[in-house]
Amino acid sequence: QLDPENTGFIGVETFASLVHSHELPLDPAKLDMLVALAQGNDEGQVCYQELVDLISSKRSSSFKRAIANGQRALPRDVLLDETGLGFYKRFVRYVAYEILPCEMDRRWYFYQHRMCPPPIFMAAVTLTQIIVFLCYGARLNKWVLQTYHPEYMKSPLVYHPGHRARAWRFLTYMFMHVGLEQLGFNALLQLMIGVPLEMVHGILRISFLYLAGVLAGSLTVSITDMRAPLVGGSGGVYALCSAHLANVVMNWAGMRCPYKLLRMVLALVCMSSEVGRAVWLRFSPPLPASGPQPSFMAHLAGAIVGISMGLTILRSYEESLQDQCGWWVLLLSYGTFLLFAVFWNIFAYDLLGAQI
């Protein structure tokens, strides 16, 4: 009745009077977003499809474009001013300000976030790593520099160039660690950075980014350090960390996480010291060993994956990756690297006569 010409639009004043007269039970936060979106178009009208998408917690393409163009302002105060929140909602708000640079994105995430599904990927990976470490530690009675124990390096989970035909090792090495300090560092970063990223961007994107870093790490080692084994989840951890840090730098003005400069410096110092420790263990081991110690190249490969592919994945909240040209370029580049690495592992070791 209010749209006799069936245009799909009505005036924002008409819509407001409709809501008031019929006392429609609409979420006030979503209503604010709809009015703000209407204020962003030229006619100041409410779109029926945008109303449907908003009520069903789906983003229309026009809603994404309005967010990208920044053509409207929120009629309410910023999310940080919300009071009377429970512990979990305060944590969700903290995650929103930690990960997202745009206030509209933060509000959208805050009000449409649901506890199901929980961020189970990073928690499951971390728990599995701890269980595997405890099992080998109790079995070998060794909790530091476990790679010096010959039985530890015989594990079917460790990547070793001599067993590169067992393809699962290119991924399962992430469950093995040099010692308690490496496990603690990786587990802490996975929970502090990985879990919030998974809460915002979802299990598919974050698991893909983490596993892409892990796989790139082992394949890079097989190319650049052909005699060295590999343990630890540093490839995936550095992919997550470098992607998050790069996202913070690219959106520095919009980020509202507290002490962001200090935290950035501390993260870079910790990551650099971890790489330095890995280099030291590789070339100047403190104890005599029967063979080369694990390589450090997985750290660098994970960081490259995070800065390139990860920055594209985390750039826009809920934006479809298949609509981004840069995503297909990066995916093609990563696929080309994988193909090259596979052929390298099949032919190069024999052609170069690498002594393993």
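Residues numbered from 1 in each chain as written. Predicted model: local features only at pLDDT ≥ 70, side-chain atom pairs only at ≥ 80, totals over all residues. Heavy atoms only, no water.

Some remarks on the packing of aromatic side chains
How we decide: To pair, rings of Phe, Tyr and Trp, with the six-membered ring standing in for Trp, must have centres within 6.5 Å; the planes then decide the type, stacked if under 30 degrees apart, edge-to-face if over 60, and tilted in the middle. Helix and strand definitions here come from DSSP, where helices need a minimum of 4 consecutive H or I residues and strands a minimum of 2 consecutive E residues; each element is numbered from the N-terminal end. Throughout, exposure labels follow a simple rule: accessible area from a 1.4 Å probe, protein chains only, divided by the maximum for the residue type, with under 20% read as buried, over 50% as exposed, and the rest as partly exposed. Put simply, a charge is over a ring when the Lys NZ or the Arg CZ is close to the ring centre, within 6 Å, and near the line of the ring normal, within 35 degrees.
Counted by the stated rule, this structure contains 10 aromatic pairs. Between the aromatic rings of phenylalanine 133 and tryptophan 143, the centroid separation amounts to 5.9 Å while the plane-to-plane angle is 55 degrees, which identifies the pairing as tilted. Taken together, the residues phenylalanine 133 in helix 7 (residues 120-140) and tryptophan 143 in the loop between helix 7 and helix 8 (150-153) connect sequence positions 10 residues apart. For phenylalanine 133, a relative accessible area of 3% translates into the label buried. Tryptophan 143 gets classed as partly exposed once you look at its relative accessible area, which sits at 35%. Between tyrosine 136 and tyrosine 152 the ring centres are 5.5 Å apart and the planes differ by 80 degrees, which places this aromatic pair in the edge-to-face class. In this pair, tyrosine 136 is assigned in helix 7 and tyrosine 152 in helix 8, connecting sequence segments 16 residues apart. Owing to a relative accessible area of 1%, tyrosine 152 belongs among the buried residues under this scheme. Taking NZ or CZ as reference, arginine 164 lies 3.8 Å from the ring centre of tyrosine 349, over its face. If you follow arginine 282 out to its NZ or CZ, it ends over the ring of phenylalanine 283, 5.2 Å from the centre.

Quick look at helix 6 (residues 103-112)
For helix 6, a buried count of 10 out of 10 residues is recorded, marking the element as mostly surrounded by other parts of the structure. Of the positions making up helix 6, those classed as buried are Glu103, Met104, Asp105, Arg106, Arg107, Trp108, Tyr109, Phe110, Tyr111 and Gln112.

Let's talk about the UniProt feature "transmembrane region" (unreviewed entry) in the protein
Here is the rule: UniProt positions are given in the numbering used here, feature names are shortened, and annotations may be inferred rather than shown by experiment.
Cross-referencing UniProt, the feature "transmembrane region" (unreviewed entry) maps to residues 120-139, 203-223, 235-254, 261-283, 295-314 and 326-347 in the present numbering. For residues 203-223, helix accounts for 100% and strand for 0%, while the C-alpha atoms at its two ends are 30 Å apart. Secondary structure within residues 261-283 divides into 100% helix and 0% strand; the distance between the first and last C-alpha atoms comes to 33 Å.

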